[in-house]
Amino acid sequence: MICEIVLATSNRHKVKEIESILKDLSIEIVPMTSFASYPIIIEDGKTLEENASKKAREVAIFFRKWAIADDSGIEVDYLNGNPGVHSARYAGEKCSSYENNNKLLEALKNVPQEKRTAKFKTVIAISNPKGKTLLLDGEIFGTIRSCAGTNGFGYDNIFYIPEYERTLAELSFEIKNSISHRSKALQKAKKVIKKLISFSGK
Ligand code: IMP
């Protein structure tokens, strides 16, 4: 029986986005940070898929509950897909988003706008209490521009969406959540979770 899913992230921005996108499911979404203790997971995978699976599986086994995890990365064509899986630590261990964004802008300093194409990718992993895991992904395409906007988090203020003529950080929470990499992956996850709910007779 599936009546709650633990969210395997301590990133409050991700928690807010994921809760909002999954809010119409008839199960409870419980951030792992709301428990007295939760596992600290080392994200040492070579791919977003490996990291997302590891997070969902370890959290599911720890709590003996269903768990959902997200691993995301920005892939810049001119940089051969980097920083990709290394996006969180692009400017070094424990670096800030500001440092990551500056490093990326610096790496593209003399690159013309038409060659600054990039995609943001999210991999969502859903794990059952025994650690059996399913993966779903979503992508959004854009270009890297100088900082604009104050909404969102991470690379949002340098990720420009041509269709909207705005960076993700200039879009409202609702619009980002309707078009983002995370939203696309979670729409697929939602279908899976709905099936699990109907199988468990809820
Ligand atoms: P992770 O998925 O938490 O490992 O995130 C990888 C990196 O991408 C971190 O630097 C995050 O801040 C950043 N990031 C993750 N999701 C988003 C997003 O939706 N917008 C902008 N940056 C993000």
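Every value quoted in this text rests on a predicted model; they were computed, and no experiment measured them.

Draft legend 1. Region of the structure containing the environment of Ala 67. Looking at the secondary structure, you find Ala 67 in strand E3 (residues 66-76). Owing to a relative accessible area of 0%, Ala 67 belongs among the buried residues under this scheme. Between the C-alpha atoms of Ala 67 and Ala 8, which are 59 residues apart in sequence, the distance is 6.4 Å.

Draft legend 2. View of the packing of aromatic side chains. Per the stated rule, a full pass over the model turns up four aromatic pairs. Both rings, one in Phe 120 and one in Phe 159, keep their centres 5.6 Å apart while their planes meet at 70 degrees; by these two values the pair is edge-to-face. Highlighted residues: Phe 120 in strand E5 (residues 117-127) and Phe 159 in strand E7 (residues 159-161), separated in sequence by 39 residues. The burial state of Phe 120 is the same as that of Phe 159; both residues are buried. An aromatic cluster is present here, built from Phe 35, Phe 62 and Phe 63 joined pairwise through their rings. Taking NZ or CZ as reference, Lys 16 lies 4.6 Å from the ring centre of Phe 173, over its face.

Draft legend 3. Expanded view of unusual backbone geometry. Note that the residue after Asn 82, namely Pro 83, is joined by a cis bond; omega there is 0 degrees. Mapped onto the elements, Pro 83 comes out in strand E4 (residues 82-83). Even without glycine at this site, Arg 64 takes up a positive phi of about 55 degrees. As for its position among the elements, Arg 64 is in the loop between helix H2 (48-63) and E3. With a relative accessible area of 70%, Arg 64 lands in the exposed category. One non-glycine residue, Asn 80, adopts positive backbone phi at about 55 degrees. The residue Asn 80 is located in the loop between E3 and E4 in this model. Among the residues examined, Asn 80 registers a relative accessible area of 73% and is labelled exposed.

Draft legend 4. The nonpolar core, seen in detail. Grouped together as the largest cluster of nonpolar side chains are 20 residues, with contacts concentrated most on Ile 5, Leu 22, Ile 68, Ile 124, Ile 126, Leu 186 and Ile 193. Broken down by secondary-structure element, the contributors of at least two residues to this core are strand E1 (4-7), helix H1 (12-21), E3, E5 and helix H5 (181-199). Ranked by the residues each element gives to this core, the list is headed by H5, at five residues. Discounting chain neighbours no more than four positions away, the residues touching Ile 5 are Ile 27, Glu 28, Ile 29, Val 30, Trp 66, Ala 67, Ile 68 and Ile 193. In terms of nonpolar packing, the next biggest core, distinct from the first, is built from 19 residues, Leu 79, Ala 118, Phe 159 and Ile 161 among them.

What counts and how
Residue numbers restart at each chain and count upward from 1, following the sequence in its written direction. Note on the predicted model: pLDDT of at least 70 is required for a residue's local features to be given, and 80 or more for side-chain atom pairs to be given and counted; whole-chain, interface and lining totals, by contrast, use all residues. Neither water nor hydrogens contribute to the side-chain values; these are computed over all heavy atoms in the structure. Secondary structure elements follow DSSP: runs of H or I no shorter than four residues count as helices, runs of E no shorter than two count as strands, and numbering proceeds from the N terminus. Partly exposed describes any residue whose relative accessible area lies between the buried limit of under 20% and the exposed limit of over 50%, with all areas from a 1.4 Å probe on protein chains only and scaled to the type maximum. Ring geometry is summarised as follows: Phe, Tyr and Trp rings, the Trp one being its six-membered ring, pair when their centres sit within 6.5 Å, and such pairs are stacked at plane angles under 30 degrees, edge-to-face over 60 and tilted between the two. Cation placement over rings: the criterion is NZ of Lys or CZ of Arg within 6 Å of the ring centroid and within 35° of the ring normal. Here the nonpolar core consists of buried residues drawn from Ala, Val, Leu, Ile, Met, Phe, Trp, Tyr and Cys, with membership extended through side-chain atoms lying within 4.5 Å. The contact criterion used is simple: two residues touch if any of their non-hydrogen atoms lie within 4.5 Å.

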